[in-house]
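Commentary on secondary and tertiary structure
Here are the chains, one letter per residue:
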Amino acid sequence: MKTSTVRLTVAQALVRFLANQYTERDGARQRLIGATWGIFGHGNVAGLGQALLQYGTASSGGTPPTPPVMPFHQGRNEQAMVHAAVGYARQSDRLSTHAVTTSIGPGATNLVTGAALATINHLPVLLLPGDVFATRPADPVLQQLEVPYAGDVSVNDCLRPVSKYFDRVERPEQLIPAALQAMRVLTDPVETGAVTLALPQDVQAEGFDWPEEFFRERVWAVRRPEPDSEELADAVRELKRARRPLVVAGGGVHHSGAEEALKEFVDATGVPVASTQAGKGSLLHNHSADVGGIGHTGTATANELARTADLVIGVGTRYTDFTTASATLFAHPDVRFLNLNVAAFDAHKLSAQPLVADARAGLAALREALGGEYRAEPAYVAEYTEDKERWEHRVDACFAAEDDLVRPTQAQVLGALDELATGDDILINAAGSLPGDLHKLWRARSRDQYHVEYGYSCMGYEIPASLGVALAAPGRPVWALVGDGTYLMLPTEIVTAVQEGIPVKVVILQNHGYASIGGLSASVGAEGFATQYRFAGEQGAYAGAPLPVDLAANAASLGMTVHRAKTVRDLREALAAARAATRPTCVYVETETADTVSGPPPAQAWWDVPVAETAERSAAVKAREEYDRRAAGRRRHL
């Protein structure tokens, strides 16, 4: 039987293939690759550029016009395009993502940071960098890295360690297995992350007779693995003998859509829930068992429960050092761990009793297996409920402003947004001092409201990610919260938001430097060196006057509507105007940083940042003494 074929270039075949890939979970189907982002250069313009023109623009030949097979978004920075795709993927619960194409050379290497962020956070994104000629008609070509000991290495090999799957398609027929493997990894809840298909520029434009079967609609089932019966029985035994259990909810709760299953488990057992940065919102703030963020940026309530917990139930968490307070937080002498995770690698951390399963399926199975035979002791429930109420009063105090005509603190900016936001609003942040304030203070009103990228904590993520989130959640207010340091890193996709009419809201908090690292620098004896945006001054320590930069004017020059807020009253009005806006809008506010102004509560748990063991300056000597005292509390859970 003769196989039906169609002659297309490699790039055309890839775009057509991607347009026919779908995911399905719980009976709901969606496109796997919803769109492609691109910046074109000589390494991809004639290949993928031509293919995306052919398949990515609406056809006017019919009535009505045929919609694009592959929607396209024009980016301004390659790293930013990956962030936008990742934001889309996270908002889509990892069931849909975007592809990103670049030219060779710097365009390709600019992908590395975004790829690392995606892989660390277990978020799918497809990277399609151009590559040097496979046929080597001229050697070297423009932007080629010459490696004397290996002729088959290019700069794209930088993407190997930060990709969950990497392949270089050097012949047209290699695309078929490479593309199928790429889809497998993108849709695997354990393995997903950045997937890279490096595409030599000559191969992209090469024609080939493709089997029509390659382009058929494919549906990739996203699994919900059930727990093993023996592991489940062991988990039930662990929980039944616990007197002070604590759930640590991670990002896996959101990825699985397990929020309702978690609530049902908590309602049935009375076990309190603390959340990591990725897991915040797993239980909504107004639930009596939600005790807030855990770890170095967590609440006093959650961290005190963690210190005294005899059973820690990790659900979809990787247990980073911020969560464990650098292995000092879980201090009960007989503490045990029960880890529910779809990845066995994470389920076994901290010598835990593993429960390898999908978070939603695992929580439902655990609740059912308990059969109503376990309930946290009333005194324990009363303890964390009262502590939670006390913490909420501290939050109210941080948000309050006695005078509306003064410059707001950063916490008061969050307070003003807290007054305005509903469950529809989505907040995006990644770096600086804001993640700490948000983790402690923000009251999550919906499962997906709190979008803080803290696996890689990448400055510059927020603005491009907000575009991806807005594309995945049209009609919802999407806020990118950035400090001046983060804004200066990557504001470029503001132009894309203006170009495509994506009504993101960017809040710029001007504090003239790296506030978070400035505080850390002071605590480790580095005295805030080179953490402020100021003139150098006589001593060269950047202690002069603040730099005369005007980030509001910059945002306006890129096409945004800008509201300047000098007081708390101005801020409330500006935020309300931004929320109602139907085009990209910026709120610019210079925050109060004076020591006399009340800020958020300090860190409620330690974080290990090594301090100089020998030093001449007294600040570093004192910092080392404190470091040694804190480090003595580290333990290995064996």
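This text gives an overview of the structure that appears in the document. Quick caveat, the model's predicted, so the values are computed rather than measured.

1. Focus on the sheet that holds strand S3 (residues 28-31)
Overall, mixed pairing links the 3 strands, which are arranged S3-S2-S11 in an open sheet. The two strands at the open ends of the sheet, each matched to only one other strand, are S3 and strand S11 (218-221). Adjacent strand axes in the sheet meet at a mean angle of 30° when their direction is disregarded. For strand S2 (residues 21-25) and S11, the ladder comprises 4 bridges, and the chain directions are parallel. Following the sheet pairing, Thr23 is matched in S11 by Trp220.

2. A look at the nonpolar core
Counting 51 residues, the largest nonpolar core has Val247, Phe265 and Ile294 as its most contacted members. The element best represented in this core is helix H14 (residues 359-370), accounting for 5 residues. Residues contacting Val247, with those up to four places away along its chain left out, are Leu262, Phe265, Val271, Pro272, Val273, Ala274, Ile313 and Val315. Formed by 37 residues, the second largest nonpolar core is a distinct cluster that contains Val6, Tyr55, Val203 and Phe214.

3. Re unusual backbone geometry
The residue after Asp139, namely Pro140, is reached through a cis peptide bond having omega 10°. Here Pro140 shows up in the loop between strand S7 (125-131) and strand S8 (165-168). At Ala327, a position not held by glycine, the phi torsion is positive, near 65°. In this fold, Ala327 is placed in the loop between helix H12 (321-324) and strand S16 (336-341). With relative accessibility at 26%, the residue Ala327 sits in the partly exposed group.

4. Quick look at the packing of helix H1 (residues 10-18) against helix H6 (residues 175-186)
The relative placement of two packed helices comes down to the angle between their axes together with the axis-to-axis distance. The N-to-C vectors of H1 and H6 enclose an angle of 30°; their axes lie 11 Å apart at closest approach. In this structure, the crossing between H1 and H6 has a hand that is right-handed. Along its contact with H1, which presents Val10, Ala13, Leu14, Phe17 and Leu18, the element H6 presents Leu175, Ala179, Leu180 and Met183.

5. Description of the pattern of salt bridges
According to the stated counting rule, one finds 42 salt bridges in the structure shown. Put simply, Arg443 and Asp396 hold a salt bridge, and the shortest N to O gap is 2.6 Å. One end of the pair, Arg443, is in the loop between helix H17 (434-441) and strand S19 (450-452); the other, Asp396, is in helix H15 (residues 378-399), with 47 residues separating them in the sequence. Under the relative-accessibility criterion, Arg443 is labelled buried at 11%. Each of the salt bridges in this network shares a partner with another, and the network as a whole consists of Glu392, Asp396, Asp418, Arg443 and Arg445.

Parameters and conventions
Residues numbered from 1 in each chain as written. Predicted model: local features only at pLDDT ≥ 70, side-chain atom pairs only at ≥ 80, totals over all residues. Heavy atoms only, no water. Pairing = 2+ DSSP bridges. Helix = DSSP H or I, 4+ residues; strand = E, 2+ residues; numbered from the N terminus. Axes fitted to C-alpha atoms, helices over the stretch in contact; angles between N-to-C directions. Core = buried A, V, L, I, M, F, W, Y, C linked by side-chain atoms within 4.5 Å. Buried < 20%, exposed > 50% of the residue type's maximum accessible area, 1.4 Å probe, protein only. Contact = heavy atoms within 4.5 Å. Left-handed = near helix turned anticlockwise from the far one by under 90°. Salt bridge = Lys/Arg side-chain N within 4 Å of Asp/Glu carboxyl O.

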